[in-house]
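Fold and contact review
Listed below, chain by chain, are the residues.
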Amino acid sequence: MTPTDELIAACACPSFDQEQYKGIARKAQGVEDWLDVATRAEAHGMGPLLAHHLRNVGATIDDPGFTQLRLSTLRHRLANRVRMAVLVEILDLLTDAGIDVIALSSVRPYLERK
């Protein structure tokens, strides 16, 4: 596996203990092409998670690829807001039509804001 593949695979979980974060930091040091890392991570939908873990290990990488990871986080955040807004709109339409809906716990805060 390449250093890029190892780093992306190491970041596939949502949370880690201190030892695992140290491993991520070591793997990050072996990366030479951050643009490749960003491209591959985004292809797997892992850009935001990878950026999150790199921030948690204190990585300060001044590279266009690392900037792409941060931008990936913003794109995903915006896309999730749009998806959630559309879901709330659909749920409202169903409710207005007399169709009972059961919202998952992750959706309830959006429904309660209205």
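Notes on the structure follow. (Residues numbered from 1 in each chain as written. Predicted model: local features only at pLDDT ≥ 70, side-chain atom pairs only at ≥ 80, totals over all residues. Heavy atoms only, no water.)

With respect to the overall build of the protein chain
Cut-off, in case you're wondering: Helix and strand assignments follow DSSP, with helices taken as H or I runs no shorter than four residues and strands as E runs no shorter than two, numbered in order from the N terminus. In this description the radius of gyration comes from C-alpha coordinates, and the expected globular size is given by 2.2 Å times residues to the power 0.38. Note on exposure labels: buried denotes an accessible area under 20% of the residue type's maximum, exposed denotes more than 50%, and partly exposed covers the range between, all computed with a 1.4 Å probe on protein chains only.
Helix and strand content of the protein chain: six helices and zero strands. Walking the protein chain from its N terminus toward its C terminus, one meets helices and strands in the order α-α-α-α-α-α. Radius of gyration (C-alpha) of the protein chain: 18 Å, far over the 13 Å computed for a compact globule of 114 residues. A burial count over the protein chain gives 29% of its 114 residues as buried.

A look at a positive patch on the surface
Inclusion rule: The patch calculation keeps residues exceeding 30% relative accessible area without a salt bridge and links them within 9 Å when they carry like charges or within 5 Å when they are nonpolar (Val, Leu, Ile, Met, Phe, Trp, Tyr). Method for areas: the Shrake-Rupley scheme with a 1.4 Å probe, in which residue coverage is limited to the protein chains shown. The term salt bridge refers to a side-chain nitrogen of Lys or Arg lying within 4 Å of a carboxyl oxygen of Asp or Glu. Charge assignment in this entry is limited to Lys and Arg as positive and Asp and Glu as negative, and neither His nor the chain termini are counted. Taken as the charge centre is NZ of Lys, CZ of Arg, CG of Asp or CD of Glu, depending on the residue.
On the surface, a cluster of positive charge is made up of R55, R70, R77 and R81. In terms of residue count, the dominant contributor to the positive patch is helix α5 (residues 64-96) (three residues). Its place among the elements puts R55 in helix α4 (residues 47-56).

Some points on helix α1 (residues 3-10)
Here is the rule: As used here, the arc belongs to the directions running from the helix axis to the C-beta atoms. Should any heavy atoms of two residues lie within 4.5 Å, those residues are considered in contact.
All of the buried residues in α1 are T4, L7 and I8. Summarising the axial view, the buried residues of α1 lie within an arc of 95 degrees, below the 170-degree limit, and thus occupy one face. The secondary structure elements touched by the buried residues of α1 are α2 (18-29), α3 (34-43) and α4.

With respect to the state of the cysteines
Our working rule: Note on terminology: pairs of cysteine sulfur atoms within 2.5 Å are recorded as disulfides.
Applying the stated rule across the entire model yields zero disulfides. Sulfur of C13: no disulfide; nearest cysteine sulfur belongs to C11 and is 9.4 Å away. With a relative accessible area of 40%, C13 lands in the partly exposed category.

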